[in-house]
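Notes for the structure review
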Amino acid sequence: MIFDLIIAIATVGIAIVLSMPRVSRSTTWRAVVTPLASIIGSGFLLLGPVLNLGYGGYAPLVMLALCGVAYLYGAVIRNNIQAGEEAIIDGTYGKLAKRVETLSSWALAFAYIISVTYYLNLLGAFSLSLTPFDSTLDAKLMTSGVFGIIVMVGWSRGFKSLERLEYVSVGLKLAIITGLLVGLMAHFCKQAIDDKLIFNPQNVTGWPAITMAFGLLITVQGFETSRYLGSSYDAKTRIRSMRLAQRLSTLIYLIYILLISYVFAPDQMSSSETGIIDMMGIVAPILPFMLVAAAMASQFSAAIADTSGSGGLFAQLSRNRITEPQAYLALGIIGIALTWSADIFAIVSYASRAFAIYYGLQAALAAIISVRGGNPGKAALFALLAALGAAIAILGQPVE
């Protein structure tokens, strides 16, 4: 009961702070919230059990490596923001740069399709996890139904009315994550005082450990959204807010994984997509219900944002030969097909590969820009990141 009360107070306190006009209307905070919420959204639900079961006591090091790779790709995106999107499109940096930018935009449009499938499969699993209908079949049926609703809404009226809920869902998610961290800190301290901390063995080693980490890139993805907020914020604000969002998310993730890695025995962890619910039930009875609420709100809003982004990109890149409603229909068909043909961890791997292709192409673009700017050192670094993106896309493996 004490843990529940502490968690509830922390969650409500953060929710109140985030809803205050001084915070919610802050330009800098709003610019930070979009990438921050994308980065620490779905990954928060999956990473704890996955990293602990796979890497044991070394899970925090793997988390640090994932965040480090993400930060390097964030530097790529920031470089391209600074170079100027209009300058890239109008050919200032040459025809090759323009073609690579167009190709990366197509890659992002398809990556969004897979990420929406990932988000909605998590929504389906978490929404039914505490009900009598907690089965793989029912979760897939739920996911398919939500796909149908999204396609119908997008086809008939667009997503503007739903997008107004984004900030509310983001605030709810961040408040619940705060409560979760507070609960984990209390539980960790109790276990440490009782001398019950655990260093679990590593179950995945060598090359499989590396390729599994490649397949988890999607869990720290989302920072690139800052690049596409040009209609709301100038380049300087987007660069600063993306950097801050990545630093904050890295800090949150590392604290989370450190707190979770040494307090649960292997038999207290589950490899299912909703395994975090059972683990948090050990910490405090209130946490499973809070996690389900956060999952439903955040996954739906993230799916809406990426569906809208994908439709807009397909329309723009095809010069309206593919309309936004047509793109939504295609997204729904592909998403439902993926839902019924693959499990959540395979979809996570597909999404990681798709975003790796996008990041690799953006790194290649940054290398071209750096060469034309007379900076061979940066060009070499960006070329290496382009090669890493290709390696992740080819070699990334799903969690077994």
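Residues numbered from 1 in each chain as written. Predicted model: local features only at pLDDT ≥ 70, side-chain atom pairs only at ≥ 80, totals over all residues. Heavy atoms only, no water.

Next up on the list: a nonpolar patch on the surface. Residues V12, I16, V17 and M20 make up a contiguous nonpolar surface patch of roughly 330 Å² in combined accessible area. Along the chain, M20 falls in the loop between α1 (2-19) and α2 (21-24). (Patch = residues over 30% accessible without salt bridge, like charges linked within 9 Å, V, L, I, M, F, W, Y side chains within 5 Å. Areas by Shrake-Rupley, 256 points an atom, 1.4 Å probe, with all protein chains shown as cover. Salt bridge = Lys/Arg side-chain N within 4 Å of Asp/Glu carboxyl O. Helix = DSSP H or I, 4+ residues; strand = E, 2+ residues; numbered from the N terminus.)

Okay, the packing of helix α4 (residues 42-55) against helix α11 (residues 206-214) next. Relative to each other, α4 and α11 sit at 170 degrees, their axes nearing to 11 Å. Relative to α11, the element α4 lies roughly antiparallel. Taking contact as the criterion, the partners of V50, G54 and Y55 in α4 are, on α11, A209, M212 and A213. Its residues placed into classes, the contact of α4 with α11 shows five nonpolar, one polar and no charged. (Axes fitted to C-alpha atoms, helices over the stretch in contact; angles between N-to-C directions. Parallel < 35°, antiparallel > 145°, perpendicular 65-115°, else oblique. Contact = heavy atoms within 4.5 Å. Nonpolar A, V, L, I, M, F, W, Y, C, P; charged D, E, K, R; others polar.)

Here we come to helix α16 (residues 344-372). An α-helical turn contains 3.6 residues, so a residue and the one three or four places further along point in the same direction. Spanning 29 residues, α16 covers 42 Å between terminal C-alpha atoms, matching the ideal 42 Å at 1.5 Å per step. The element α16 is extensively covered by neighbouring structure, given that 23 of its 29 residues are classed as buried. Taking the backbone nitrogen of F345 as reference, a side-chain oxygen 3.1 Å away marks D343 as the first, capping residue of α16. G374 occupies a position one or two residues after α16 and carries a positive phi of about 75 degrees. (Expected span 1.5 Å × (residues − 1). Buried < 20%, exposed > 50% of the residue type's maximum accessible area, 1.4 Å probe, protein only. Polar contact = N/O pair within 3.5 Å; in protein donor to acceptor, adjacent residues only side chain to side chain.)

Turning our attention to the environment of F289. By the element assignment, F289 lies in helix α14 (residues 286-317). Residue F289 is classed as exposed on the basis of its relative accessible area of 57%. For the pair F289 and I277, spaced 12 residues apart in the sequence, the C-alpha separation amounts to 8.4 Å.

Here we come to the nonpolar core. Where a protein is soluble and globular, its nonpolar side chains tend to be buried together. Counting 123 residues, the largest nonpolar core has L51, M63, Y118, Y253, Y256 and M280 as its most contacted members. Once you skip the residues sitting within four places of it in the chain, Y256 turns out to touch F44, G48, L180, L181, L184 and I276. (Core = buried A, V, L, I, M, F, W, Y, C linked by side-chain atoms within 4.5 Å.)

A word on the pattern of salt bridges. Scanning the entire structure with this criterion turns up two salt bridges. In this structure, E101 engages R227 in a salt bridge whose closest nitrogen and oxygen atoms are separated by 3.1 Å. Taken together, the residues span a long stretch of sequence, with E101 in helix α7 (residues 95-127) and R227 in the loop between α11 and α12 (235-261) at a distance of 126 residues. Neither E101 nor R227 differs from the other in exposure class; each is buried.

The values are spatial; any link to function lies outside them.
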